[in-house]
Amino acid sequence: MGMPTGRAVRRNAAGPRARSGTGGGRLVAAACCGAATALNVCAVLLAMAFGAAAQGAAPPQPAPFELATQCAAGFVLREGVCRLHSAYQQYTSLQGAGVGGLKAGLPALRDGYTPQQIDLGRYLFFDPVLSRNGRIACASCHDPGHGFSDARPRSVGVAGGETARHAPGLWNVGFLHRLFRDGRARTLEEQVQGPLYGAREMGNTPEGLVQRLSAIPAYRRLFGASFADARDGIRSEHVYRALAAFESSLIALNSRYDLYAQGVADALSPAELEGLNVFRSFVARCTECHTPPLFTNQQLAVIGTPEPPGHPFDAGAQAAGSDARLRGGFKVPGLRNVALTAPYEHSGGFTRLRDAVAFYNLGRGHAVPPGERLSIHWQISEPHLSEREIDRLVDFLGALTDESFKPQRPAAVPSGLPPG
Amino acid sequence: MNLRMLGVAAIALLMAGLGWFVAQRQTGEAPVAVPVASAGATLAAARAAGSGASGNTLDAVRQGKVWVVQDGESIQAAIGRAQPGDTVQVMPGTYRETTYIDKDDITLLGVIQGGSWPTLDGEGQRNDAVLYSGNGIRVENLKVIGYKGNAIMGQAGNNFVIRHNWIANTGVYGIFPELGQNGLVEHNILTGIEDAAIYIGMCDNVHVAHNEVYGNVAGIEVENSRHVIVENNVATDNAGGILAFITPGLPIKTTFDVIIRNNFIVANNHRNFAAVGSIVSGVPPGTGVIIMAADDVIIENNVIRGNRNAGLIIADHASFANITPDPEADPYPDRVQILRNFFADNGTDPMKEIQALMLTALTRQGPDVVAVGGGHDSCAIDKGAFKWLGIKDYGTCRRSSSADVATYLLAQPAAPRKLEITDKGKLLYAGICAGCHAYNQRLIGPPVREIQALYAGNAQGIADFIANPAKKRDDFPPMPPQGHLSADQRLAVAQYLLGVQK
């Protein structure tokens, strides 16, 4: 003990307070080899292709990219694939729905990916090569430093313009069966195509995506190592699947709230406990939609939050094809790590968490624009909470923070572009 | 049926009497071993009585510590001290607090002496009187008044017993078990509730019996729940007496196998004072029973009398106010079975929509039974005995009685899922340690391989260290203490960690 072993991995100096959530081998950047030259060439070519110099394009120490052979933290390798191990798996939930109280089971998780697929997804997630002009990675708007959300009210796409909505956080996204704020996608694979190809987001095309990735030798090797059928060539489906694998590994179920739920009575402070009891009371009614253990019941709800000044009304689920009575409806978001994802609501209208909480106390439908007739959700009531109770709710939401399995931002990505 | 009812009542009285007797003997705060029936034992006895077997109530009594709470003391403080299997016994007095039970197998038992109840008073300020999330919770003999939210609410607790409570003016719901399986709600009195007095929300296997609900917006509501019997209750002077709904937009999408029998559903003509926008604000006052979108509901042997709008309404989602659509929920009530009931004097002042139906049917008589919207394979017995609209296509029911179903309570209590991962240490390691430690890699903390070399064969050493870690190495940050884990848990995870091989 005490002597670093010869195989110890170099700490990523550039990374945040880093935890390599996805296990070993991720940052194996110790030795250089012949691939480095190819990589540099590749980076130059890419920069030319995008018509923009990738600032400081060459990473400080070009590395042969190797994929993890161990699962992400919280997962255990079984029969070649990674399976989540969580204390919540010892509980059941009514009708297997994955909603309930403190000791309720989880919904089914999209797990079962290999360590290599998860780690390839990590590189892709941070690699701006996925966007049309090489300027934006998934991580640009889903920043691990902000709960995999974006500190901007609305994210900024490849063309420099704003997107319509605030980037949702991604913790525990692998449990969800409705994706996007308006719930229009059913799988992560379906979802990732939205930002990849959206003109206001990453602006790419399936052909452009495959072409660029296939031009990078390291990616050809890594895809081949992750998917047997990618040895004949990278396909867009491989990209979706790898991104889905990585996103499914973002597990946050180890907060102080979770310790309390598992029976550690003093894991929450008195203020947080008071907040929990307001949260689950039928006065505030938070828990009716933000139902443990994920703090979402995954339903669509019309709650009538305001748009920021100057922004048009967002029809939400109705615009995505639902019935007119879901006009202005959005998916109930999970609240884990919510303290990290400011600003709040679908278009970032609330700067502070407390403002978002206080919204629910200001009267049913109070922010509905004149002329709009919305079917506000029946749980939106007039709770008449005290200022103290609102403060306690915010305290409690803070106890849902858990980044213990935060994956590490790679020091370099195979395109040679600066990681997002 | 009547004999069985007597059986249930006898056992209930026995239980209540036992609690009282215990209280008489017991004063002071020291925990003393006293026989008190747990929720599980009470459920077993109720099930046995319901099925006609002779429930042996002596088996139902177990030894547990009793924590006595006197007037002026805190109920929550006693709940905090209680361990699974214990009883918190609340003496007569007034208690001004919100209590919560986030552990399993606790009995919260009031003691009524000379007509004096232990009263939880929300004073119009506090949200809920009793919240529970644990399994095997029993709440009994409490008077609850003046709360804003609920009197007694469960969130995902299974095997619950809520009985002999007296609840008035407690806001939105009186008794509201949610997302729980296997529960008994009996012998409660509830009034002045602005939504459902007894609300079985997203539950399975619940028995609601011998309750009196009056002066509420809805008396008893079974929502998005399966295998529920509502029998031998009195529902009177509510806006709606007894409801069985599928409410759309909830994560549980079905209601089926509900039996509503042997209830007095009389003169539910109260003004609807529900909050604007709530689902029950759409309940037309003067309605005895409403079946909305629920399937396989049996209505049998009830006295349904003097409900001015209608005795029984069967509706789909489109026919009901305030309903947003849910493509994942079937909006139609199918296979509703109206067996013999005593209908009288219903429909004397029906709502406009029913009046329109009467006009179409060329009748001036308001209905005992009216069905609107879609649904298929429903039936009725002896249609000629009552006034009806919209059930022309109902055939004659094949069954004449639901007596074959005595109870939907489970033969064995709902148990935690059998663990696929049986190793507690592995669960803790993956859930907590793996965030900072990997086998052969430096993360936040040192590699597991190094820890194994240091603590070879000394799991207890690790278990002790992690409870209160001292900073050992300059090149790593200090480890956060894990003393909140029990000694067993710490030893289990240490043993697991020593065996990790990759």
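Residues numbered from 1 in each chain as written. Chains lettered and ligands numbered in written order. Predicted model: local features only at pLDDT ≥ 70, side-chain atom pairs only at ≥ 80, totals over all residues.

Caption draft 1: Representation of the interface of chain A and chain B in the model. Taken residue by residue, the interface counts 60 residues in chain A and 61 residues in chain B. The dominant element in the side of chain A that touches chain B, judged by the number of residues it contributes, is helix α9 (residues 270-280) of chain A, at three residues. Residue composition of the side of chain A that touches chain B, grouped by class: 24 nonpolar, 28 polar and eight charged. (Contact = placed C-beta atoms within 7 Å. Helix = DSSP H or I, 4+ residues; strand = E, 2+ residues; numbered from the N terminus. Nonpolar A, V, L, I, M, F, W, Y, C, P; charged D, E, K, R; others polar.)

Caption draft 2: Spotlight on the sheet that holds strand β17 (residues 196-201) of chain B. Residue and element names in this part refer to chain B. Reading across from one edge, β5-β8-β11-β14-β17-β20-β23-β26-β29-β32-β34 is the order of the 11 strands in this open sheet, with parallel pairing throughout. The two strands at the open ends of the sheet, each matched to only one other strand, are β5 (99-101) and β34 (388-389). Where β5 meets strand β8 (residues 128-132), three bridges bridge the pair, whose relative direction is parallel. Residue pairing across strands places Thr99 opposite Val130, the latter belonging to β8. (Pairing = 2+ DSSP bridges.)

Caption draft 3: Structural detail: the pairing of β8(B). Residue and element names in this part refer to chain B. The buried fraction of β8 amounts to five of the five residues, a majority that puts the element mostly inside the structure. Note that β8 and strand β11 (residues 150-155) share four bridges and pair parallel. Paired with Asp128 across the strands is Asn150, a residue of β11. (Buried ≥ 20, exposed ≤ 12 C-beta atoms within 10 Å, placed from the backbone.)

Caption draft 4: Looking closely at the domain arrangement of chain B. Taken domain by domain, chain B comprises domain 1 (1-191), domain 2 (215-411) and domain 3 (424-499). The C-alpha centroid of domain 3 of chain B is placed 59 Å from the C-alpha centroid of domain 2 of chain B. (Domains from an automatic or database assignment.)

Caption draft 5: How the structure looks around the domain arrangement of chain A. Residue and element names in this part refer to chain A. Segmenting chain A into domains produces domain 1 (35-71 + 109-248) and domain 2 (256-398). If you average the C-alpha positions of domain 1 and of domain 2, the two centres end up 30 Å apart. Between domain 1 and domain 2, the contact holds 20 residues from the first and 23 residues from the second. Residue classes in the side of domain 1 that touches domain 2 are distributed as six nonpolar, eight polar and six charged.

Caption draft 6: Quick look at helix α12 (residues 387-398) of chain A. The terminal C-alpha atoms of α12(A) lie 17 Å apart, and with 12 residues this matches the ideal 16 Å at 1.5 Å per residue to within 8%. In this structure, the buried side of α12(A) is in contact with α9 and α11 (353-359) of chain A. (Expected span 1.5 Å × (residues − 1).)

Caption draft 7: Broad picture of unusual backbone geometry. Going from Pro292(A) to Pro293(A), the amide bond is cis rather than trans, its omega being 5°. Following the sequence through the fold, Pro293(A) ends up in the loop between α10 (286-289) and β3 (300-302). That bond from Ala342(A) to Pro343(A) is cis: its omega, -5°, falls within 30 degrees of zero. The backbone of His210(B) shows a phi angle near 60°, a positive value even though the residue is not glycine. Summarising the element assignment, His210(B) is placed in the loop between β18 (204-209) and β19 (212-214). Residue classification places His210(B) among the partly exposed residues on the basis of 19 C-beta atoms within 10 Å. Here Asn224(B), not a glycine, exhibits a phi torsion of approximately 45°, which is positive. Inspection of the secondary structure assignment puts Asn224(B) in the loop between β20 (218-223) and β21 (226-231). Judged by local crowding, Asn224(B) falls into the buried class, with 26 C-beta atoms found within 10 Å.

Caption draft 8: The arrangement of the sheet that holds strand β7 (residues 118-121) of chain B in detail. Residues and elements named next belong to chain B. On the basis of which strands lie adjacent, the open sheet formed by 10 strands has the order β4-β7-β10-β13-β16-β19-β22-β25-β28-β31 and parallel pairing. Every interior strand has two partners, whereas the edge strands, β4 (93-95) and β31 (342-344), have only one. Neighbour-to-neighbour, the strand axes of the sheet open up by a mean angle of 10°, direction not taken into account. With three bridges joining them, β19 and strand β22 (residues 234-236) adopt parallel strand pairing. Residue pairing across strands places Glu212 opposite Val234, the latter belonging to β22. (Axes fitted to C-alpha atoms, helices over the stretch in contact; angles between N-to-C directions.)

Caption draft 9: Spotlight on the confidence of the model for chain A. For chain A, mean pLDDT is 86; residues scoring 70 or higher make up 85% of the total. Counting interchain partners and residues more than four positions distant, the pLDDT-below-50 stretch residues 1-59 of chain A has 128 contacts. (pLDDT = per-residue confidence, 0-100.)

Caption draft 10: Seen up close, the packing of helix α7 (residues 459-467) of chain B against helix α8 (residues 487-499) of chain B. Residue and element names in this part refer to chain B. Relative orientation of the contacting elements α7 and α8 amounts to 125°, with a least axis distance of 8 Å. When the axes of α7 and α8 are compared, the pair comes out oblique. Here α7 and α8 pass one another in a crossing that is right-handed. Residue-level inspection shows Ala459, Gln460, Ile462, Ala463, Ile466 and Ala467 of α7 in contact with α8, the latter providing Ala487, Arg490, Leu491, Ala494, Gln495, Leu497 and Leu498. Broken down by class, the residue content of the contact of α7 with α8 amounts to 10 nonpolar, two polar and one charged. (Parallel < 35°, antiparallel > 145°, perpendicular 65-115°, else oblique. Left-handed = near helix turned anticlockwise from the far one by under 90°.)

Caption draft 11: A look at the pairing of strand β26 (residues 287-292) of chain B. Residues and elements named next belong to chain B. Burial of β26 is extensive: six of the six residues sit out of reach of the surface. Two strands pair when backbone bridges link them, and strand β23 (residues 240-245) and β26 are joined in this way by four bridges, in the parallel orientation. Note on β26: the bridge partner recorded for Gly240 is Thr287. Of the pairings in the sheet, the one linking β26 to strand β29 (residues 310-315) comprises five bridges and is parallel in character. Residue pairing in the sheet places Val289 in a bridge with Leu312 of β29.

Caption draft 12: The arrangement of the packing of helix α2 (residues 115-126) of chain A against helix α7 (residues 236-248) of chain A in detail. All names here are of chain A. Close contact between α2 and α7 brings their axes to 7 Å; oriented N to C, the two are set at 100°. As judged from the angle between their axes, α2 and α7 are roughly perpendicular. Contacts between α2 and α7 pair Gln117, Ile118, Leu120, Gly121, Arg122, Leu124 and Phe125 from the former with Val239, Arg241, Ala242, Leu243, Ala245 and Phe246 from the latter. A breakdown of the residues in the contact of α2 with α7 according to their chemical character gives nine nonpolar, two polar and two charged.

Caption draft 13: Seen up close, the nonpolar core. All names here are of chain B. In terms of nonpolar packing, the biggest core is built from 259 residues, with Val88, Ile198, Val208 and Ile260 touching the most fellow members. Of all the elements, helix α2 (residues 39-50) adds the most residues to this core, at eight residues. Once residues within four sequence positions are removed from consideration, Val208 is found in contact with Val185, Ile198, Ile200, Ile220, Val228, Ile229, Val230 and Asn233. (Core = buried A, V, L, I, M, F, W, Y, C linked by C-beta atoms within 7 Å.)

Caption draft 14: Focus on the confidence of the model for chain B. Residues and elements named next belong to chain B. When pLDDT is averaged across chain B, the result is 87; 88% of the residues are at 70 or more. When the criterion is pLDDT under 50, residues 51-61 qualifies, and its contacts beyond four places in sequence or with other chains add up to 21 contacts. Ignoring residues within four places in sequence, the model shows residues 417-421, a span with pLDDT below 50, making 10 contacts including any to other chains. Predicted as a complex, the structure gets a pTM of 0.84 and an ipTM equal to 0.82.

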